[in-house]
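Residue-level structural notes
Below are the chains, spelled out letter by letter.
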Amino acid sequence: MKKYIWAIAAIIMVAGIITIVACSKDSSSSETQNGLTTQKTPNQSDEIDIAVWSNDSISFLFDKDNVLSAIQSRFQDSLKINCVMEDLNIYIVDVENEILPVVSISYFDIDNECSATMFGTLKQYTNRSSSIILTLGCGEIMHRCMGKNCSKPCSATYGKDPYGGTIFTGCTPCTAKNPQKEAFCREMDPFQGLISLAIFDSFLEGLN
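Residues numbered from 1 in each chain as written. Predicted model: local features only at pLDDT ≥ 70, side-chain atom pairs only at ≥ 80, totals over all residues. Heavy atoms only, no water.

It is worth spelling out the overall build of the protein chain at this point. When helices and strands are counted, the protein chain shows three helices and eleven strands. Across the protein chain, helices and strands are ordered from the amino to the carboxyl terminus as α-β-β-α-β-β-β-β-β-β-β-β-β-α. Burial status across the protein chain gives 38% buried among its 208 residues. In the protein chain, once contacts between residues fewer than 6 apart in sequence are set aside, the share between residues at least 24 apart is 59%. Of the roughly 12200 Å² that the protein chain leaves accessible, carbon and sulfur atoms contribute 54%. (Helix = DSSP H or I, 4+ residues; strand = E, 2+ residues; numbered from the N terminus. Buried < 20%, exposed > 50% of the residue type's maximum accessible area, 1.4 Å probe, protein only. Contact = heavy atoms within 4.5 Å. Areas by Shrake-Rupley, 256 points an atom, 1.4 Å probe, with all protein chains shown as cover.)

Turning our attention to the confidence of the model for the protein chain. For the protein chain, the average pLDDT comes to 82, and 78% of its residues sit at 70 or higher. Every residue in residues 1-22 scores below 50 in pLDDT, and together they form two contacts with partners more than four places removed in sequence or on other chains. This stretch, residues 24-36, has a pLDDT under 50; its non-local contacts, to residues over four places away or in other chains, come to 30 contacts. (pLDDT = per-residue confidence, 0-100.)

In the Ramachandran plot, Asn 55 falls in the positive-phi region, its phi being about 55° despite a non-glycine side chain. For Asn 55, the position within the fold is in the loop between β1 (47-54) and β2 (57-60). The class of Asn 55 is exposed, set by a relative accessible area of 71%. Its identity is not glycine, yet Asp 56 carries a phi of approximately 65°, on the positive side. Here Asp 56 is to be found in the loop between β1 and β2.

Dropping the structure here:
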């Protein structure tokens, strides 16, 4: 009996290690620190290049419609999130004179009858030209703002922690579009890993 117990424990341990490795950070990689761009280490399976930032413009390295369609399918079929995907954007935020690339993915939550936007920060890597590669890490889509009856889209806000690191600080205030109806813009519960992984896999599927 003890042999069987140890065998089962070993299987569970191996499965856990595989799960961690799938989204683990490569300690030997040259990551962006405090907004600085660095050279990228080849063959990092936990990161994918999704855009190029050059001359104040951002070019996608993926098919936007395909990625949105893939996310919606995974959300509905695997995660049972009843939604309709709306838009996907990459934009630059200035956080106390530090450049922060952000990816946002918005959808309409049918069950809750409100809009939701998911956010993640992107790493910056230099290449041979003067452009910057924007890279999505596995597990980087970690925040979500949900809004209803707001005059402007519900968005994320960023700031600095006491150590100088850039952090998500919450969601933008909501000004009611219709004062007679309920209005809010609030942060939802932290994401499960499966949601972030579903988005990461959808980007992989939509790469050009």
